[in-house]
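# Structure at a glance
Below are the chains, spelled out letter by letter.
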Amino acid sequence: MDSSATTTLFPLHRTKTLHLVRHAQGVHNVEGEKDFSAYKSEEFFDAQLTPLGWEQVDNLHKHVHECGLDKKVELVIVSPLLRTLQTAVGSFGPEGYADGTDVTPLMVANAGNSNCSAISNLNTPPFVAVELCREQLGVHPCDRRRSISEYRTMFPAIDFSLIEDEEDVLWQADVRESREAVAARGMKFINWLWTRKEKEIAVVTHRAFLRQTLGELGDDCHPTVQKEIRNPLIGSDTSVTNYPGKIPSVLHLPSDRCCT
């Protein structure tokens, strides 16, 4: 999310700028850190953000607006899960929602038991839900999505039209998607991005998806750049950008850490 200008050898008409965002802290992250078996609990089906997660969203929202990214981003792509949808609208939406207006909100009040006010759709880029950038699939109920009708009720202004199935047909209770399959799905997603006309795009997704996808990139780069691209996405106490963030006291382990 560093918005500073950089030097590149690639022609601008051959490039896109992607702002990659991992969702804020979810309730499953907290419980999974205490006991990894919690990731298999139905209690955390399609997990929502924690209060700390919403603080992280508020910090990112301030950064997006203070550095002018809200004026640059032409499209917000989001994984269709509650924690990513909440992160996307909270980070890239405007300041609140005025009751009584005829503008369809990005998020209705208290969506996903968030205890948050509704979020407006005024002066925002299009928000599009895409299943290709979902979290690693299977076994963990926190990674199983709701019906599209439910999401449309909570997030009326988000475009879910690219999702073909009303119910989640990708998630399997007894089979965890392999890392190789996630990487292949990630590259399919990257190739799909090239078909979009937008040049500056925000993608709100998940840690395992980002790690496996980025691991496939950088072969044509200097080893130093390649290492930076492929480095696992972990937090740090010292920010290297002007976005302060808010790092949990305990760094969350990925929910795929024991999967092969």
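The structure under discussion appears in the preceding block.
Residues numbered from 1 in each chain as written. Predicted model: local features only at pLDDT ≥ 70, side-chain atom pairs only at ≥ 80, totals over all residues. Heavy atoms only, no water.

## As for the overall build of the protein chain
- The helix and strand inventory of the protein chain stands at eight helices and four strands.
- Mapped from its N terminus to its C terminus, the protein chain presents α and β elements in the order β-α-α-α-β-α-β-α-α-β-α-α.
- Within the protein chain, contacts between residues separated by at least 24 positions form 77% of all contacts whose residues are at least 6 apart in sequence.
- Here the protein chain has roughly 13,300 Å² of accessible surface; of this, 52% comes from carbon and sulfur atoms. (Helix = DSSP H or I, 4+ residues; strand = E, 2+ residues; numbered from the N terminus. Contact = heavy atoms within 4.5 Å. Areas by Shrake-Rupley, 256 points an atom, 1.4 Å probe, with all protein chains shown as cover.)

## Considerations on the pattern of salt bridges
- This model, assessed by the stated rule, comprises 11 salt bridges.
- Put simply, Glu31 and Lys34 hold a salt bridge, and the shortest N to O gap is 3.4 Å. Here Lys34 and Glu31 lie together in helix H1 (residues 27-34), a separation of three residues that amounts to about one turn.
- As a salt-bridge pair, Asp143 and Arg83 come within 2.6 Å of each other at their nearest N and O atoms. Of the two residues, Asp143 sits in the loop between strand E3 (127-129) and helix H5 (148-154) while Arg83 sits in helix H4 (residues 82-92), which places them 60 residues apart along the sequence. (Salt bridge = Lys/Arg side-chain N within 4 Å of Asp/Glu carboxyl O.)

## Quick notes on the packing of aromatic side chains
- Across all of its chains, the model carries four aromatic pairs by this definition.
- Pairing Phe189 with Phe209 gives two aromatic rings, centres 5.8 Å apart and planes at 75 degrees, and the pair type is edge-to-face. Of this pair, Phe189 sits in helix H6 (residues 179-193) while Phe209 sits in helix H7 (residues 207-214), and the two are 20 residues apart along the sequence.
- The exposure class of Phe209 is buried, given its relative accessible area of 2%.
- If you follow Arg144 out to its NZ or CZ, it ends over the ring of Trp171, 4.9 Å from the centre. (Phe/Tyr/Trp six-rings, centres within 6.5 Å; stacked < 30°, edge-to-face > 60°. Buried < 20%, exposed > 50% of the residue type's maximum accessible area, 1.4 Å probe, protein only. Lys NZ or Arg CZ within 6 Å of the ring centre and 35° of its normal.)

## Some thoughts on the packing of H6 against H7
- Interhelical geometry of H6 versus H7 gives an angle of 80 degrees and a closest axis separation of 8 Å. On the basis of their axis angle, the class for H6 and H7 is roughly perpendicular. Contacts between H6 and H7 involve Arg179, Val182, Ala183, Arg185, Gly186, Met187, Phe189 and Ile190 from the former and Ala208, Phe209, Gln212 and Thr213 from the latter.
- Residues that form the contact of H6 with H7 fall into these classes: seven nonpolar, three polar and two charged. (Axes fitted to C-alpha atoms, helices over the stretch in contact; angles between N-to-C directions. Parallel < 35°, antiparallel > 145°, perpendicular 65-115°, else oblique. Nonpolar A, V, L, I, M, F, W, Y, C, P; charged D, E, K, R; others polar.)

## Looking at the side chain of Asn29
- Note on placement: Asn29 falls in helix H1.
- Within the structure, Asn29 has its side chain in polar contact with the side chain of His28 (distance 3.5 Å). (Polar contact = N/O pair within 3.5 Å; in protein donor to acceptor, adjacent residues only side chain to side chain.)

## Quick word on the environment of Arg196
- Tracing the backbone through its elements, the reader meets Arg196 in the loop between H6 and strand E4 (200-205).
- Remark: the alpha-carbon pair of Arg196 and Leu75, spanning 121 residues in sequence, is separated by 9.6 Å.
- With residues near it in sequence (within four places) discarded, Arg196 still touches Lys16 and Leu75.
- Here Glu198 takes part through its side chain, which lies 3.0 Å from a polar atom of the side chain of Arg196.

## Notes on the sheet that holds E4
- Strand order in this open sheet of four strands is E1-E4-E2-E3, and the pairing throughout is parallel. Looking at which strands have only one partner, the edges of the open sheet turn out to be strand E1 (17-22) and E3. For this sheet, the mean inter-axis angle between neighbouring strands, taken without regard to orientation, is 20 degrees.
- Taken together, the four bridges between strand E2 (residues 75-78) and E4 define a ladder with parallel strand orientation. Bridging from a neighbouring strand, Ile77 pairs with Val203 of E4.
- Against the sheet, H4 touches E1, E2, E3 and E4, its axis set at about 140 degrees to E4. (Pairing = 2+ DSSP bridges.)

## Describing H7
- In terms of residue burial, H7 counts as a mostly covered element, since eight of its eight residues are buried.
- Residues of H7 that are buried: Arg207, Ala208, Phe209, Leu210, Arg211, Gln212, Thr213 and Leu214.

## Focus: the environment of Thr124
- Tracing the backbone shows Thr124 in the loop between H4 and E3.
- Note on Thr124: relative accessible area 19%, which makes it buried.
- Through-space distance from the C-alpha of Thr124 to that of Asp70 is 7.6 Å; in sequence the pair is 54 residues apart.
- Looking at Thr124, its side chain comes within polar contact range of the side chain of Asn121, at 2.7 Å.

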